[in-house]
Amino acid sequence: MKILIVYAHPEPQSMNGTMFSSAVNALTNAGHEVKVSDLYAMRFNPVSDRTNFTTVNNPTFFKQQAEEVYASQMNGFADFIEDEQQKVEWCDLMIWQFPLWWFSVPAILKGWVDRVFTMGRFYKNGRIYENGIFRGKRALLSLTTGGPEANYIKERYGTLETILHPLQRGILEFTGFSVLQPHVIYGTEKQSTEKLALEAEAWKARLKDIFNEEPIMAINIEQG
Ligand SMILES: Cc1cc2nc3c(=O)[nH]c(=O)nc-3n(C[C@H](O)[C@H](O)[C@H](O)COP(=O)(O)OP(=O)(O)OC[C@H]3O[C@@H](n4cnc5c(N)ncnc54)[C@H](O)[C@@H]3O)c2cc1C
């Protein structure tokens, strides 16, 4: 199968770095085709503006989604955006590996989404959720937290399902991906080296069977 790993951590020796390299090795050794977007190594610029495009729809007023629709029709995305879009279109499974920063993804990964997940190409009228363009593809969030698991309850930080809702429901399912159970290491810095080494092994073990997993339905927080 074809797997894209989008990785957002500035330090290769971090636990996220370990999870990233473990996934690349495990999936490649299992015979899968793996492509990566190592966003810090690429020095991916998260600032979304006219440099996303080689085309110009309206030169006097920049409206990003209108430019996206135009660029989708005119083949007008900048090469570095086009390359990332083709990777997403290519994969059967997309994994994001990141540390939870301010209850979200690091800005470099959010900027990657802002620039790459474009109207007209990745979603459009009537082509969202169950009719989404990426129907049939799967996505998986693999993340680490600083806070302990006990704090991820409604009365404290909020549940992780709620925190991940904007990513899982607002981006991934929105564009048609089926979402797998997130892979989480809580309280990362407080774990012993031995425990973290076991976490890396558990991640590799999970990936062995990843294509047999049933997707979850990201919760609708309106209904609790
Ligand atoms: C801007 C910002 C915002 C944040 N917001 C939040 C938040 O909202 N909620 C929250 O809970 N936390 C938050 N944090 C904390 C953050 O989530 C954690 O710092 C992060 O998840 C830890 O992961 P890491 O990869 O950076 O760990 P690191 O500190 O890089 O790694 C942890 C340890 O793992 C070791 N290690 C690496 N590989 C291995 C291996 N193979 N075997 C054994 N040990 C290994 C490393 O040497 C290191 O000692 C925030 C941090 C920042 C900087």
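Higher on the page you've got the structure.
Residue numbering note: each chain is counted from 1, following its sequence as written. Restriction of local features to residues with pLDDT of at least 70 applies here, the model being predicted, together with a cutoff of 80 or more for giving and counting side-chain atom pairs; totals for whole chains, interfaces and linings are based on all residues. As a convention, hydrogens and water are excluded, and side-chain values are obtained from all of the structure's heavy atoms.

Q: For this particular structure, what's the right way to read the packing of helix 3 (residues 79-90) against helix 4 (residues 107-116)?
A: Axis angle and axis distance: for two packed helices, these are the angle between their axes and the distance between the axes, and together they describe the pair. Interaxial angles span 0 to 180 degrees and are taken between N-to-C directions of axes, which are lines fitted to C-alpha atoms, for helices over the stretch in contact. Helix and strand labels come from DSSP, where a helix needs a run of H or I of at least four residues and a strand needs a run of E of at least two; each type is numbered from the N terminus. Packing of helix 3 against helix 4 leaves a shortest axis separation of 10 Å and a crossing angle of 90°. In terms of axis orientation, helix 3 runs roughly perpendicular to helix 4. Here helix 3 contributes Phe80, Ile81, Glu84, Gln85 and Val88 to the contact with helix 4, which in turn contributes Trp112, Arg115 and Val116. Any angle from 65 to 115 degrees is called roughly perpendicular, while one under 35 is roughly parallel, one over 145 is roughly antiparallel, and all others are oblique. Note on contacts: a residue pair is in contact if any heavy atoms of the two residues lie within 4.5 Å.

Q: What exactly am I supposed to notice about the packing of aromatic side chains here?
A: By convention here, two paired aromatic rings are described through the distance between centres and the angle between planes. Any two rings among Phe, Tyr and Trp, with Trp reduced to its six-membered ring, count as a pair given centres within 6.5 Å; such a pair is stacked if its planes are under 30 degrees apart, edge-to-face if over 60, and tilted if neither. Scanning all chains against the criterion turns up 14 aromatic pairs. Consider the rings of Tyr7 and Phe20, whose centres lie 4.2 Å apart with planes at 5°: the pair is stacked. One end of the pair, Tyr7, is in strand 1 (residues 2-7); the other, Phe20, is in helix 1 (residues 15-29), and 13 residues separate them in sequence. Here the two residues Tyr7 and Phe20 agree in accessibility, since each one is buried. Note on Phe117 and Phe122: the rings are 5.0 Å apart at their centroids and 75° apart in plane angle, and the pair reads as edge-to-face. Type-normalised accessible area, obtained with a 1.4 Å probe on protein chains alone, sets the label of each residue: buried when under 20%, exposed when over 50%, and partly exposed for intermediate values. On the basis of relative accessible area, Phe117 is assigned to the buried category, the value being 7%. The rings of Trp96, Trp112, Phe117, Phe122, Phe134 and Phe177 are connected pair by pair, giving a single aromatic cluster.

Q: Whenever I open this one, the pattern of salt bridges confuses me. Can you help?
A: Oppositely charged side chains can form a pair if their charged atoms are brought close together. The term salt bridge refers to a side-chain nitrogen of Lys or Arg lying within 4 Å of a carboxyl oxygen of Asp or Glu. Considering all chains together, one arrives at 9 salt bridges under this definition. Between Glu82 and Arg121 there is a salt bridge, with the nearest N and O atoms lying 2.8 Å from each other. Residue Glu82 is located in helix 3, and its partner Arg121 is located in the loop between helix 4 and strand 4 (138-144); the two are separated by 39 residues in the primary sequence. Accessibility expressed as a relative area gives 13% for Glu82, which makes it buried. Between Lys110 and Asp114 there is a salt bridge, and its shortest N-O distance comes to 2.9 Å. With a gap of 4 residues between them, Lys110 and Asp114 both fall in helix 4, about one helical turn apart. We classify Lys110 as partly exposed; its relative accessible area is 39%. Classification of Asp114 by relative accessible area gives partly exposed; the value is 31%. Within the structure, one salt-bridge network assembled from shared partners comprises Glu82, Glu89 and Arg121.

Q: I keep staring at the nonpolar core and nothing clicks. Help me out?
A: Considering soluble globular proteins, one finds that nonpolar side chains tend to be buried as a cluster. Val88, Met94, Trp96, Phe98, Leu109, Trp112 and Phe117 are the most contacted members of the largest nonpolar core, which totals 36 residues. It is helix 5 (residues 160-172) that contributes the most residues to this core, 6 residues altogether. Excluding anything up to four places from it in sequence, Trp112 contacts Val6, Ser37, Leu39, Phe44, Glu84, Val88, Met94, Trp96 and Phe117. Note on terminology: a nonpolar core comprises buried Ala, Val, Leu, Ile, Met, Phe, Trp, Tyr and Cys residues joined through side-chain atoms within 4.5 Å. Ile5, Ile95, Leu180 and Ala200 belong to the second-largest nonpolar core, a separate cluster that totals 18 residues.

Q: Just to check I follow, could you spell out helix 6 (residues 193-208) for this structure?
A: A turn of α-helix holds 3.6 residues, and therefore any two residues three or four places apart point the same way. Each residue after the first adds 1.5 Å to the expected span of a helix. Helix length check: helix 6 (16 residues) gives 23 Å between terminal C-alpha atoms against 22 Å at 1.5 Å per residue, within 8%. Of the residues making up helix 6, those classed as buried are Leu196, Glu199, Ala200, Trp203, Arg206 and Leu207. Seen end-on, helix 6 carries its buried residues on one side only, within an arc spanning 125°. Those residues of helix 6 that are exposed and aimed more than 90 degrees away from the buried face are Glu194, Leu198 and Lys208. Of the surrounding secondary structure, the elements contacted by the buried residues of helix 6 are helix 1, strand 3 (93-99), strand 4 and strand 6 (183-185). Along the arc lie the directions from the helix axis toward the C-beta atoms.

Q: I would appreciate a short explanation of the pairing of strand 3 in the present structure.
A: Across a regular strand the side chains alternate sides, sitting on one face of the sheet and then on the other. Counting buried residues in strand 3 gives 7 out of 7 residues, a clear majority hidden from the surface. Any two strands with at least two DSSP-identified bridges between them are counted as paired. As paired strands, strand 1 and strand 3 are joined by 5 bridges and run parallel to one another. What sits directly across from Val6, in strand 3, is Trp96. Sheet analysis places strand 3 next to strand 4, joined by 7 bridges and oriented parallel. Across the sheet, Met94 pairs through a bridge with Ala139, a residue of strand 4.

Q: Please explain the site of the ligand as it appears in this structure.
A: Taken together, 21 residues lie near the ligand, and His9, Thr18, Thr144, Tyr152 and Glu189 sit nearest. Polar contacts, as counted here, are pairs of nitrogen or oxygen atoms within 3.5 Å of one another; within protein the pair requires one atom able to donate a hydrogen and one able to accept it, and residues that are adjacent in sequence qualify only if both atoms are side-chain atoms. At 2.6 Å, a side-chain N or O of Thr18 approaches a nitrogen atom of the ligand. At a separation of 3.1 Å, a nitrogen atom of the ligand approaches a polar backbone atom of Gly146. Within the complex, the protein chains bury 67% of what would otherwise be the 990 Å² of accessible surface of the ligand. Three residue categories are used. Nonpolar comprises Ala, Val, Leu, Ile, Met, Phe, Trp, Tyr, Cys and Pro, charged comprises Asp, Glu, Lys and Arg, and polar comprises the others, including Gly. Each residue belonging to the shell around the ligand can be placed in one class, and the counts come to 9 nonpolar, 11 polar and 1 charged. One heavy atom suffices: a residue is near a molecule or strand as soon as one of its heavy atoms comes within 4 Å of it. We get accessible surface area from the Shrake-Rupley algorithm with a probe of 1.4 Å; when it comes to residues, only the shown protein chains can shield them.

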